[in-house]
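Chains, contacts and geometry: an overview
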Amino acid sequence: MECPACGGPVTMEVGPDHPLSASVTDALLAADEDEQIVVARNCWACGWSEERSVSIDSIETTEGDTQAVERAAILDDIMSEATAIDDLTTLKDALAEVRRQRRLTTDGADSTDNVDSG
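Values in this document were obtained by computation on a predicted structure and should not be read as measured data. (Residues numbered from 1 in each chain as written. Predicted model: local features only at pLDDT ≥ 70, side-chain atom pairs only at ≥ 80, totals over all residues. Heavy atoms only, no water.)

1. Some points on the overall build of the protein
When helices and strands are counted, the protein shows three helices and three strands. Going from the N terminus to the C terminus, the protein shows its helices and strands as β-α-β-β-α-α. In terms of C-alpha radius of gyration, the protein reaches 25 Å, well past the compact-globule figure of 13 Å for 118 residues. Taken along its principal axes, the extent of the C-alpha atoms in the protein is 75 × 40 × 25 Å. (Helix = DSSP H or I, 4+ residues; strand = E, 2+ residues; numbered from the N terminus. Rg over C-alpha atoms; globule rule 2.2 N^0.38 Å.)

2. Concerning a nonpolar patch on the surface
On the surface, Ile74, Leu75 and Ile78 cluster together to form a nonpolar patch covering roughly 260 Å² of accessible area. Along the chain, Leu75 turns up in helix α2 (residues 66–84). (Patch = residues over 30% accessible without salt bridge, like charges linked within 9 Å, V, L, I, M, F, W, Y side chains within 5 Å. Areas by Shrake-Rupley, 256 points an atom, 1.4 Å probe, with all protein chains shown as cover. Salt bridge = Lys/Arg side-chain N within 4 Å of Asp/Glu carboxyl O.)

3. What about the sheet that holds strand β1 (residues 10–15)?
Here we have three strands laid out as an open sheet, ordered β1-β2-β3, and antiparallel in their pairing. Every other strand in the sheet has two partners, leaving β1 and β3 (49–55) as the edge strands with one partner each. The mean angle between the axes of side-by-side strands here comes to 20 degrees, regardless of whether they run parallel or antiparallel. With six bridges joining them, β1 and strand β2 (residues 36–43) adopt antiparallel strand pairing. The residue of β2 that forms the bridge with Glu13 is Ala40. (Pairing = 2+ DSSP bridges. Axes fitted to C-alpha atoms, helices over the stretch in contact; angles between N-to-C directions.)

4. A look at the pairing of β2
The buried fraction of β2 is high, at six of eight residues. Judged from the seven bridges that link them, β2 and β3 form a sheet pairing that is antiparallel. Paired with Asn42 across the bridge in β3 is Ser49. Counted between consecutive antiparallel strands, the loop separating β2 from β3 contains five residues, among which Gly47 sits at a positive phi close to 90 degrees. (Buried < 20%, exposed > 50% of the residue type's maximum accessible area, 1.4 Å probe, protein only.)

5. Topic: unusual backbone geometry
Here Asp34, not a glycine, exhibits a phi torsion of approximately 65 degrees, which is positive. You can see Asp34 is positioned in the loop between α1 (24–30) and β2. Classification of Asp34 as exposed rests on a relative accessible area of 67%.

Encoded structure:
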């Protein structure tokens, strides 16, 4: 973020009941109803500063889909593993195996459908 007065770098601090390292996102997610979060922005180059406060009127929470969360975590693990592989042959082999597994799963589902409908 740039200072609107001089274009220098701006720091943000969340307060008053949050550690200096807290982000605005973390403060919002940890907030309770009727809580007020103050965000101070400061430019150390020219001295510009601004305080904004956010009042939490209500909080709505919905439960996530546990399968979607698990799937996202597994995909993240797969991507981490794949990006760590430098050998092109190993990557090609891994892709071929994934596609083979998908074909087996798809073919197995199709044959089950055909048995049930016949």
